[in-house]
Amino acid sequence: MKIPLLPLHEQVIVITGASSGIGLVTAKQAAEVGARVVLAARNGNDLERAVEHIRRHGGRAIHVVADVADPEQVERIAATAVAEFGRIDTWVNNAAVSMYGRITELSIADMRRQMDVNYWGQVYGSRVAVRHLRQRGGALINVASALADRAIPLQGNYCAAKHALKAFTDALRMELEEEGIPISVTLVKPASVDT
C-alpha cells in the first residue's frame, strides 16, 4: 500500500528521547527544513536548550518533559502537540536507556526500568501515534538498534528489549496494512548502541 506523506517542511513531528543523541539531531535537522517539532524527554533543562537553539535558528519547536515509561505522560506529549500545532504527522519513538553488565548481576529493578523505557515506552508511543494518525495518515518511526537482530554480552537486557521492539513493530505494520490504515511504520536500526 502506497502511503502519501506530507513533505517534511509541512509536518508536525513528535520525537521522544529528544534531549540528546539521535533524537536531538533529528529534531534539529527536521526543524532546519521547516518541520514543527515537539521534543520530549525527561531532562527539562536539555530540552529547553534544544528548543532555544531551534528557535534561534528560525525553527518552530516546543518541548514536553515526560517519561515514556508512563502511558499518561505519553498521552500528554500528544495532547501538547495537538494543542500547539493542531495535529501530528510523524511520531518518532527514540527514548532509550542503556546499561552494561552481566545479566545475572544486574538488578531486576534496573532491568525492568530498561524494559519499561526501551520496549514499553515505544509501545505506548506507537499506540498513541496510531490513534492520532489513523484518519489522516502519517508516519510512525521506532528506533531500535543493530542489536535488534543479534545479542551481545553485557547488554543482554538491552538486546532483549530491542528484539521485542522489532517483533512489535513488524506485527503492528502488518495489522495496520491489513486494515488499510494509511500509516507508514518503520523500524530504524542504527549501528551504534549509544542512545
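Before any of the text, the structure's been laid out above.
Residues numbered from 1 in each chain as written. Predicted model: local features only at pLDDT ≥ 70, side-chain atom pairs only at ≥ 80, totals over all residues. Heavy atoms only, no water.

Student: What's the story with the pairing of strand β4 (residues 90-93) in this structure? I'm lost.
Tutor: It is a general feature of regular strands that their side chains alternate between the two faces of the sheet. Where burial is concerned, the two faces of β4 agree: the one with T90 and V92 and the one with W91 and N93 are both buried. Pairing geometry for strand β1 (residues 12-16) and β4, over three bridges, is parallel. Bridge pairing in β4 places I15 opposite V92. In this structure, β4 lies alongside strand β5 (residues 138-143), joined through four bridges in parallel fashion. Note that in β5 the partner of W91 across the bridge is L140. Between the parallel elements β4 and β5, the chain passes through helix α4 (residues 108-133) in a crossover that is right-handed. (Buried < 20%, exposed > 50% of the residue type's maximum accessible area, 1.4 Å probe, protein only. Helix = DSSP H or I, 4+ residues; strand = E, 2+ residues; numbered from the N terminus. Pairing = 2+ DSSP bridges. Right-handed = clockwise from strand over helix to strand, strands pointing away.)

Student: How do you make sense of the sheet that holds β5 when you look at a structure like this?
Tutor: The strands that make up a sheet are held in pairs by hydrogen bonds between backbone atoms, and each pair lies either parallel or antiparallel. Judged by pairing direction, the sheet is parallel, and its six strands sit side by side in the order β3-β2-β1-β4-β5-β6 without closing on themselves. Two strands lie at the open edges of the sheet, namely β3 (60-65) and β6 (183-188), each paired on one side alone. Across this sheet, the average inter-strand angle for adjacent strands is 15 degrees, counted without regard to direction. Here helix α2 (residues 44-56) sits on the sheet and contacts β2 (36-41) and β3; the angle it forms with β3, its principal contact strand, is near 175 degrees. (Axes fitted to C-alpha atoms, helices over the stretch in contact; angles between N-to-C directions. Contact = heavy atoms within 4.5 Å.)

Student: Is there a simple way to explain the packing of helix α1 (residues 21-32) against α2 in this structure?
Tutor: In helix packing, the relevant descriptors are the interaxial angle and the interaxial distance, both defined with respect to the helix axes. Axis separation between α1 and α2 bottoms out at 10 Å; the angle between their running directions is 20 degrees. Our classification of the angle between α1 and α2 gives roughly parallel. Note that α1 runs across α2; the crossing there is right-handed. Along its contact with α1, which presents L24, A27, K28 and A31, the element α2 presents A50, H53 and I54. Partitioning the contact of α1 with α2 into residue classes produces five nonpolar, one polar and one charged. (Parallel < 35°, antiparallel > 145°, perpendicular 65-115°, else oblique. Left-handed = near helix turned anticlockwise from the far one by under 90°. Nonpolar A, V, L, I, M, F, W, Y, C, P; charged D, E, K, R; others polar.)

Student: How do you make sense of the nonpolar core when you look at a structure like this?
Tutor: One recurring pattern in soluble globular proteins: nonpolar side chains tend to sit buried together. Grouped together as the largest cluster of nonpolar side chains are 36 residues, with contacts concentrated most on V38, I77, W91 and I183. If you tally residues by element for this core, the top one is α4, at seven residues. Here I77 is in contact with V14, T16, V38, A40, V64, A66 and W91, once residues within four sequence places are set aside. A30, A35, V51 and I54 belong to the second-largest nonpolar core, a separate cluster that totals 18 residues. (Core = buried A, V, L, I, M, F, W, Y, C linked by side-chain atoms within 4.5 Å.)

Student: What am I meant to see in the pattern of salt bridges here?
Tutor: Once the charged atoms of two side chains with opposite charge are near each other, the side chains can pair. Under the counting rule described, the total for this entry stands at nine salt bridges. Ionic pairing is found between D46 and R49, a salt bridge with its closest N-O pair at 2.2 Å. With a gap of three residues between them, D46 and R49 both fall in helix α2, about one helical turn apart. Where R136 meets D89, a salt bridge forms, and the shortest distance between an N and an O atom there is 3.2 Å. Here D89 lies in the loop between α3 (71-85) and β4 and R136 lies in the loop between α4 and β5, a separation of 47 residues in the sequence. (Salt bridge = Lys/Arg side-chain N within 4 Å of Asp/Glu carboxyl O.)

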